[in-house]
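Chain residues, written in single-letter form:
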Amino acid sequence: MSMLDDIGGESRLRDLVEHFYDLVETLPEGSNLRRLHARGHGLAHARVEQFNFLCGFMGGRHHYKEKHGHMDIKLMHAHVPIRQIDADTWVALMHQALADKGHTGPNADRLHRAFRHVADLLVNNVADWEDTATRRP
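Let me begin by describing the structure that accompanies this report. Here, residues in each chain are numbered from 1, in the same order as that chain's written sequence. This being a predicted model, a pLDDT of at least 70 is required before a residue's local features are given, and a value of 80 or more before pairs of side-chain atoms are given or counted; all residues contribute to the totals for chains, interfaces and linings. Based on all heavy atoms of the structure, the side-chain values leave hydrogens and waters out of the count.

## Quick notes on the overall build of the protein
Phase 1 of the analysis: When helices and strands are tallied, the protein shows nine helices and zero strands.
Phase 2 of the analysis: The linear arrangement of helices and strands in the protein, starting from the amino end, is α-α-α-α-α-α-α-α-α.
Phase 3 of the analysis: In terms of principal-axis extent, the alpha carbons of the protein reach across some 55 × 35 × 25 Å.
Phase 4 of the analysis: For every residue, the accessible area (1.4 Å probe, protein chains only) is compared with the maximum for its type, and the residue is labelled buried under 20%, exposed over 50%, or partly exposed between those bounds. Residues classed as buried in the protein amount to 43% of the 137 residues present.
Phase 5 of the analysis: Pairs of residues are marked as contacts when any of their non-hydrogen atoms sit within 4.5 Å. Taking all contacts inside the protein whose residues are at least 6 apart in sequence as the whole, residues at least 24 apart take part in 70%.
Phase 6 of the analysis: A distance of 4 Å separates the average location of the 17 positive side-chain charges in the protein from that of its 19 negative side-chain charges. Put simply, DSSP marks the helices as runs of H or I at least four residues long and the strands as runs of E at least two long, and each gets a number from the N terminus on. By the counting rule applied here, Lys and Arg register as positive and Asp and Glu as negative, while His and the ends of each chain are not counted. The location of each charge is read from NZ of Lys, CZ of Arg, CG of Asp or CD of Glu.

Shown next as structure tokens:
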């Protein structure tokens, strides 16, 4: 059984992703995630692409790969300055979204471990845009 099956399929995943981004948009701890997304395509775009990616990542249809030709999450985020605190915030808000949507127990623990692993892989040393914007030549 896939992780996607474990949470109830695509409709439950879409609900999870929507709730996750509702948390990102409304909770104070989501502020830096909002800032990072604002420098890209925005949160509305992220809602769509997060679902597309997670569907394939969790063992379902590879919507993201069909659309973009790959599932390389490091490539997707290579230009984004991701600090450990950003990865931790992403994981904490996803953990909250899972719990809020009733995903608990071994299946949720499995997802949490997978999300933690991927989030930690994305931490990088890309210079933050705000840091580079304030530097003097």
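## Brief notes about the packing of aromatic side chains
Phase 1 of the analysis: Stacked, tilted and edge-to-face are the three classes applied to pairs of Phe, Tyr and Trp rings, where Trp contributes its six-membered ring and a pair requires centres within 6.5 Å; stacked means planes under 30 degrees apart, edge-to-face means over 60, and tilted covers the rest. Under the counting rule described, the total for this entry stands at six aromatic pairs.
Phase 2 of the analysis: Ring centres 5.1 Å apart and planes at 55 degrees place the aromatic pair Phe20 and Trp90 in the tilted group. Taken together, the residues Phe20 in helix α2 (residues 10-26) and Trp90 in helix α7 (residues 84-100) connect sequence positions 70 residues apart.
Phase 3 of the analysis: By relative accessible area, which is 0% here, Phe20 ends up buried.
Phase 4 of the analysis: Through a chain of ring-to-ring contacts, three or more aromatic side chains come together here, namely Phe20, Tyr21, Phe53, Phe57, Tyr64, Trp90 and Phe115.

## Some points on the environment of Asp120
Phase 1 of the analysis: Following the sequence through the fold, Asp120 ends up in helix α8 (residues 106-122).
Phase 2 of the analysis: A sequence separation of 106 residues divides Asp120 from Arg14, and the C-alpha atoms of the two residues are 23 Å apart.
Phase 3 of the analysis: For Asp120, the residues in contact, after removing those within four places along its chain, are Gln84 and Ala87.

## A few points about the environment of Gln84
Phase 1 of the analysis: Positionally, Gln84 belongs in helix α7.
Phase 2 of the analysis: For the pair formed by Gln84 and Gly42, sequence separation is 42 residues and the distance between their alpha carbons is 21 Å.
Phase 3 of the analysis: Those residues in contact with Gln84 that lie beyond four places of it in its chain are Arg116, Asp120 and Val123.

## Considerations on the packing of helix α3 (residues 31-38) against α7
Phase 1 of the analysis: Simply put, an axis is a line fit to the C-alpha atoms, just over the touching stretch for a helix, and the angle between two N-to-C directions goes from 0 to 180 degrees. Close contact between α3 and α7 brings their axes to 9 Å; oriented N to C, the two are set at 110 degrees. Relative to α7, α3 is oriented roughly perpendicular. Every residue of α7 that contacts α3 at Asn32, Leu33 and Leu36 is listed here: Asp86, Thr89, Trp90 and Leu93. Small angles under 35 degrees read as roughly parallel and large ones over 145 as roughly antiparallel, with 65 to 115 read as roughly perpendicular and the rest as oblique.

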